[in-house]
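Listed below, chain by chain, are the residues.
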Amino acid sequence: MADAKEAATTQPMSTLTQASGGRADFPLVFERSQPGRRAAHPPKVGDVDLEALLGAENLRREAPRLPEVSELDLVRHYTQLAHRQMSIDANFYPLGSCTMKYNPKVNEEAAKLFQDLHPYQAPETAQGALELLYNLQHDLAAITGMDAVSLQPAAGAHAELAGILMIRAYHEARGEGEQRRVVLVPDGAHGTNPATAAMAGYAVKEVPTGPDGEVDLEAFRAALSPAVAAVMLTNPNTLGLFERRILEISAAAHAVGAQLYYDGANLNAIVGRARPGDMGFDVVHLNLHKTFTTPHGGGGPGTGPVGVKAHLREFLPVPFVAKREGEAGAEFYLESDVPRSIGRMRSFYGNFGNLVRAYTYIRALGREGLRDVSGYAVMAANYLRVRFAELGFQVPFDRVNMHEFVAQPPEGLRTLDIAKAQLDYGMHPATVYFPLIVKEAMMVEPTETESLETLDAYVDALAEILARAEADDGYLPGAPYHTPVRRLDEVRAARQPVLRYGFGEAAG
Ligand SMILES: *Cc1c(COP(=O)(O)O)cnc(C)c1O
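### Re the site of the ligand
The ligand sits among Ser97, Ala155, Gly156, Ala157, Glu160, His190, Thr192, Asp263, Ala265, Asn287, His289 and Lys290. Contact between the ligand and Asp263: a nitrogen atom at 2.5 Å from a side-chain N or O atom of the residue. Within the side chain of Asn287, one N or O atom sits 2.9 Å away from an oxygen atom of the ligand. A total of 380 Å² of accessible area belongs to the ligand in isolation, and the protein chains cover 87% of it. Elements represented by at least two residues in the shell around the ligand include exactly helix 6 (156-173) and helix 11 (288-291). At three residues, the largest contribution of residues to the shell around the ligand is made by helix 6. Grouping the constituent residues of the shell around the ligand by class yields three nonpolar, six polar and three charged.

Here it is in structure tokens:
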């Protein structure tokens, strides 16, 4: 205790606060700038008439306001910033629902092989790349039990939109577009599910969770009608529990003509062992940056392939990679001639570098390896659930869970405080306050890539945090003590946001 308190007084307080007018505690790259200083000296352009070459309207009238720094200044700038990040390469990161697993470096090597490829290159000259995409479409279809896959969407949420637009197109093609106005979503769903349905023009209706943590089947049946266009589910659900009645759910949904959408963010729990296609889902999205180890890049770019059963194939976004017999044998090409397609979801053919990484991961592990992924992920999460209960955390649905579980802190403690305290231990907190149906929720997902020693160190850290909280009322509300930025005044930040660097005082 004493040392945390002491650290609080001896450590310089972060200056990224209202009091300092929003100044950072190390110089911005703009503040390092000195007129004329350069990191690189490209050769001078000779006698080129830029106006004739590019057109007068494309030439700048004023120089851009860029920082003028040496290479070393630049390297320090980015390195210092990078060291302030929590990252999977440096920190334990049990962020539930997000599957923050280690990204093997061999994936990067593979992605590098394609670094000279250009998106405007003619397909004849990019056959290897197209073949890779074709094989990945095939592998993801096999893994999920679907008939066709598009690699286009740029993230899970983007793929949800593609999926629901395909479902809408399907109902419209059958003359039921007007009649089907509703999308059913469980009350524990990720926010992107209802947001997607609303963006596609549907009314969203919540389905309650029953006392066992699964979809309340009676309430679900009561909500079904010929007005329902789709049901969006994840399995295991956001409590980390397997929906054991999934076959009854899918049969009931199909009986009223609704389509079943699988949010694949939780695929890590079942990959290699069970397939959404076999559970009755008609559309599936995958988050390659979750299950398939392409990095979560600061909120993007992610990659969210979307897979469908055969009856929805004609609505897939274009283009996708197809194969045909050419003069010189099999050739791969980009298929855009799909009359009923919902169209393009983004530029080019997807986030190619990440598609290479995911393909590398799948091929490196193979069928048995992918099965091990879900096995170890589920075992690690169950180990932590039991250890959490021993520490005095409450586990609202205390049964064997899948790849993640939801816990609540011991009586009287707040999840937010525990999350902040954990930062001092160099660990990223779990997901907090999600799902919304559990008060003070902490959603913990260790993934298969963490060792037993790391899991134990996590439990030890939490035990120490609880002991400190017990011994000193001031400890938790004051945490974190060792981070560059200490606890922020969230109410004040919301009411009086400082939105301009260095102008806090002036802006009032
Ligand atoms: C992450 C997640 C999403 C959204 O995926 P993004 O790739 O972040 O857009 C949707 N549903 C669940 C359950 C998730 O965990």
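From this point, the discussion proceeds with the structure in view.
### Digging into the domain arrangement of the chain
On domain assignment, one finds that the chain holds domain 1 (106-365) and domain 2 (377-479). Its C-alpha centre places domain 1 at a distance of 31 Å from the equivalent point of domain 2. Between domain 1 and domain 2, the residue contacts involve 23 residues of the former and 17 residues of the latter. Taking both partners together, domain 1 and domain 2 bury about 1,500 Å²; carbon and sulfur atoms supply 62% of that area. Of all residues in domain 1, Leu239, Leu241 and Asn268 bury the most surface against domain 2, accounting for 35% of the area lost on that side. Our count for the contact surface shared by domain 1 and domain 2 stands at one salt bridge. Here Glu214 and Arg399 are joined by a salt bridge, their closest N and O atoms 2.9 Å apart. Run the count over domain 1 and domain 2 and you get six residue pairs in polar contact (both at pLDDT 80 or more).

### Structural notes on helix 4 (residues 105-112)
Every buried residue belonging to helix 4 is among Asn107, Ala110 and Ala111, and all of these are buried. When helix 4 is viewed along its axis, its buried side chains cluster within an angular range of 100° and face the same direction. Here the buried face of helix 4 lies against helix 12 (352-391).

### Topic: the confidence of the model for the chain
Here the chain shows a mean pLDDT of 91. Residues at 70 or above account for 93%. Within the model, pLDDT remains below 50 along residues 1-22, and this stretch shows 44 contacts once partners closer than five positions in the same chain are excluded. Within the model, the stretch residues 503-508 combines pLDDT values under 50 with seven contacts to residues more than four positions away or in other chains.

### Points about the pairing of strand 8 (residues 320-326)
Direction of pairing for strand 8 relative to strand 9 (residues 329-335): antiparallel, over a ladder of seven bridges. The residue of strand 9 that forms the bridge with Phe320 is Glu335. The hairpin formed by strand 8 and strand 9 contains two residues between the paired strands.

### Overview of the environment of Pro484
With respect to the helices and strands, the residue Pro484 is situated in the loop between helix 15 (475-478) and helix 16 (490-495). The partly exposed category is assigned to Pro484, whose relative accessible area is 36%. Spatially, the C-alpha atom of Pro484 lies 7.7 Å from that of Arg84, the residues being 400 residues apart in sequence.

Here is what the cut-offs are and how they apply
Residues numbered from 1 in each chain as written. Predicted model: local features only at pLDDT ≥ 70, side-chain atom pairs only at ≥ 80, totals over all residues. Heavy atoms only, no water. Near = heavy atom within 4 Å. Polar contact = N/O pair within 3.5 Å; in protein donor to acceptor, adjacent residues only side chain to side chain. Areas by Shrake-Rupley, 256 points an atom, 1.4 Å probe, with all protein chains shown as cover. Helix = DSSP H or I, 4+ residues; strand = E, 2+ residues; numbered from the N terminus. Nonpolar A, V, L, I, M, F, W, Y, C, P; charged D, E, K, R; others polar. Domains from an automatic or database assignment. Contact = heavy atoms within 4.5 Å. Buried area = accessible area lost by both parts, 1.4 Å probe. Salt bridge = Lys/Arg side-chain N within 4 Å of Asp/Glu carboxyl O. Buried < 20%, exposed > 50% of the residue type's maximum accessible area, 1.4 Å probe, protein only. Arc of directions from axis to C-beta. pLDDT = per-residue confidence, 0-100. Pairing = 2+ DSSP bridges.

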